[in-house]
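If you want the building blocks of each chain, they are given just below.
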Amino acid sequence: LVPYLHDSGGSKPCPVSHASPVSVVCDSLASAFLMQQNHPDKGKVDISESDNEDGRIISFRYGTIFYFLWVKSSPSSSSASNLFSTRKNNALDRIGSVLSMDVKSGLKVIYKGKLIYPDNNAGKNVSSDDISEQLLDISSGDLVHRRKKPSLVVMGLRQQK
């Protein structure tokens, strides 16, 4: 979907309905969570049934499209499965994975006109997990305050596959 939307320029119609240009991309868990938040009278949607842990939503704009993606919560540090897991669970890795960007060299995140990732002023003591928590907190604030568009803007070059 992402290559279809971004690789050839211009706005693209929805690949399913062909009715209107795509303006929002939302994964299934984020969609279920947002539907539950916007329509509490419809009953609770149990997102934990689909073999997924608790998580949060990262929301951002890339180009003209708004993205809402589910980021699984990291397992507790005392978890035995955490010792053997190489799976990445932070917001930066989720963004990089979906947009096919190299998080270390090809991804930039802007908040209120200020570059917050990568932050050359932060020094080496700030981990990508700390930055991811900051991004998730900003996104949570956007959702709580029902802002019309995400506060975070992602920029960078996508890796061609």
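Residues numbered from 1 in each chain as written. Predicted model: local features only at pLDDT ≥ 70, side-chain atom pairs only at ≥ 80, totals over all residues. Heavy atoms only, no water.

**Structural notes on the packing of aromatic side chains**
Part 1 of the reasoning: Tallied over the entire structure, the rule returns 1 aromatic pair.
Part 2 of the reasoning: With a centroid separation of 5.1 Å and an interplanar angle of 5°, the aromatic rings of F60 and Y67 are classed as stacked. Considered together, F60 and Y67 belong to a single accessibility category, that of buried residues. (Phe/Tyr/Trp six-rings, centres within 6.5 Å; stacked < 30°, edge-to-face > 60°. Buried < 20%, exposed > 50% of the residue type's maximum accessible area, 1.4 Å probe, protein only.)

**Here we look at unusual backbone geometry**
Part 1 of the reasoning: Here the amide bond leading from Y117 into P118 is cis, since omega sits at -10°, within 30 degrees of zero.
Part 2 of the reasoning: Relative to the assigned elements, P118 resides in the loop between β5 (114-117) and α5 (128-144).
Part 3 of the reasoning: Positive phi values are uncommon outside glycine, yet S100 reaches one of about 55°.
Part 4 of the reasoning: Examined against the element boundaries, S100 turns out to sit in the loop between α4 (91-99) and β4 (107-111).
Part 5 of the reasoning: Residue S100 is classed as buried on the basis of its relative accessible area, which comes to 11%.
Part 6 of the reasoning: Positive phi, close to 50°, is recorded for K112, a residue that is not glycine.
Part 7 of the reasoning: Mapped onto the fold, K112 is located in the loop between β4 and β5.
Part 8 of the reasoning: Taking relative accessible area as the criterion, K112 reaches 69% and is therefore assigned exposed. (Helix = DSSP H or I, 4+ residues; strand = E, 2+ residues; numbered from the N terminus.)

**Thoughts on the pattern of salt bridges**
Part 1 of the reasoning: Evaluation of the coordinates by the stated rule reveals 4 salt bridges.
Part 2 of the reasoning: The shortest N-O distance in the salt bridge between R56 and E133 comes to 2.9 Å. With R56 in strand β2 (residues 55-62) and E133 in helix α5, this pair connects stretches of sequence that are 77 residues apart.
Part 3 of the reasoning: We classify R56 as partly exposed; its relative accessible area is 24%.
Part 4 of the reasoning: Connected through salt bridges with shared partners, the residues R56, E133 and D137 form a single ionic network. (Salt bridge = Lys/Arg side-chain N within 4 Å of Asp/Glu carboxyl O.)

**Overview of the pairing of β4**
Part 1 of the reasoning: With 5 bridges joining them, β4 and strand β6 (residues 152-156) adopt antiparallel strand pairing. Bridge pairing in β6 places I110 opposite V153. (Pairing = 2+ DSSP bridges.)

**Details of α5**
Part 1 of the reasoning: The terminal C-alpha atoms of α5 lie 24 Å apart, and with 17 residues this matches the ideal 24 Å at 1.5 Å per residue to within 8%.
Part 2 of the reasoning: Of all the residues in α5, the buried ones are I131, S132, L135, L136, I138, S139, G141 and D142.
Part 3 of the reasoning: On its buried side, α5 packs onto β2, β3 (65-72), α4, β4, β5 and β6.
Part 4 of the reasoning: The positive-phi residue at the C-terminal boundary of α5 is R146, with phi of around 50°. (Expected span 1.5 Å × (residues − 1). Contact = heavy atoms within 4.5 Å.)

**Side note on the environment of Q159**
Part 1 of the reasoning: Within the fold, Q159 resides in the segment after β6.
Part 2 of the reasoning: Taking relative accessible area as the criterion, Q159 reaches 43% and is therefore assigned partly exposed.
Part 3 of the reasoning: In this structure the C-alpha to C-alpha distance between Q159 and D102, which are 57 residues apart in sequence, comes to 7.3 Å.
Part 4 of the reasoning: In this structure Q159 touches S100, M101 and D102, once residues within four positions along its chain are discounted.

**A short note on the nonpolar core**
Part 1 of the reasoning: If you look at the biggest cluster of nonpolar residues, it comprises 28 residues, and the most contacted ones within it are I58, F60, Y67, L99 and V154.
Part 2 of the reasoning: Counting residues per element, the ones that place at least two in this core are α1 (2-6), β2, β3, α4, β4, β5, α5 and β6.
Part 3 of the reasoning: In terms of residue count, α4 provides more of this core than any other element does, 5 residues in total.
Part 4 of the reasoning: Excluding anything up to four places from it in sequence, Y67 contacts V2, L5, H6, V25, I58, S59, F60, Y62, V98 and L99.
Part 5 of the reasoning: Core analysis: the second largest hydrophobic core is formed by 7 residues, A30, L34, F66 and W70 among them. (Core = buried A, V, L, I, M, F, W, Y, C linked by side-chain atoms within 4.5 Å.)

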